[in-house]
Amino acid sequence: MSGWSCPNEVKGQCEHVAGQKCDPGMKGCVLFGKFRFANTEKNSPRRERERQEAMASDSEQLMKTRSTQK
Ligand code: SF4
């Protein structure tokens, strides 16, 4: 049982991306770029880059904080 169903899915077919089976997160899907998927091919490269930059920045801030506490 699923908690969400896409209004664009009709009998397994995607009506948002013509001629494609529903594959949540695929390119053209309404979910593409809005969520992070375990299958990295479904993740927006820009969003993934932004996430990695944010993680690097957080890590840098943590290192600075720790070095000033000594
Ligand atoms: S591929 Fe995405 S937009 Fe298309 S039906 Fe599935 S969930 Fe909806």
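If you're wondering where the values come from, they're calculated on a predicted model, not measured in any experiment.

Rules used in this analysis
Along each chain, residue indices are assigned from 1 in the same order as the chain's sequence is written. Reporting in this predicted model follows two pLDDT cut-offs: at least 70 for local features of residues, and 80 or more for side-chain atom pairs to be given and counted; totals over whole chains, interfaces and linings ignore these cut-offs and use all residues. For every residue, the predictor reports its confidence as pLDDT, a number between 0 and 100. Working definition: helices are DSSP H or I runs of at least four residues, strands are E runs of at least two. Numbering for both runs from the N terminus. For a helix, the expected span equals 1.5 Å multiplied by the number of residues minus one. Working definition of burial: number of other C-beta atoms within 10 Å of the residue's own, with buried at 20 or more, exposed at 12 or fewer, and partly exposed in between, all C-beta atoms being placed from the backbone. Two residues qualify as being in contact provided that their C-beta atoms, derived from the backbone, are within 7 Å of each other.

Trainee: So what's going on with the confidence of the model for the protein chain? Residues and values would help.
Mentor: In regions of low pLDDT, the predicted coordinates are not meant to be interpreted in detail. When the pLDDT values of the protein chain are averaged, the result is 90; 96% of them are 70 or greater. In the model of the protein chain, helix α1 (residues 45-69) stands out as the element of lowest mean pLDDT, 88, in contrast to strand β2 (residues 13-14), which has the highest, 98.

Trainee: Requested: an account of α1, with residues and values cited.
Mentor: When the terminal C-alpha atoms of α1 are compared, their 36 Å separation across 25 residues agrees well with the 36 Å that a helix rising 1.5 Å per residue should span. Counting buried positions along α1 yields 0 of 25 residues, so the element is predominantly exposed.

Trainee: Would you mind going over the environment of lysine 42 in detail, with residue names and values included?
Mentor: Within the secondary structure layout, lysine 42 lies in the loop between β3 (20-21) and α1. Along the sequence, lysine 42 and alanine 54 sit 12 residues apart, while their C-alpha atoms lie 20 Å from each other. Here lysine 42 is in contact with Gly25, Met26 and Phe37, once residues within four sequence places are set aside.

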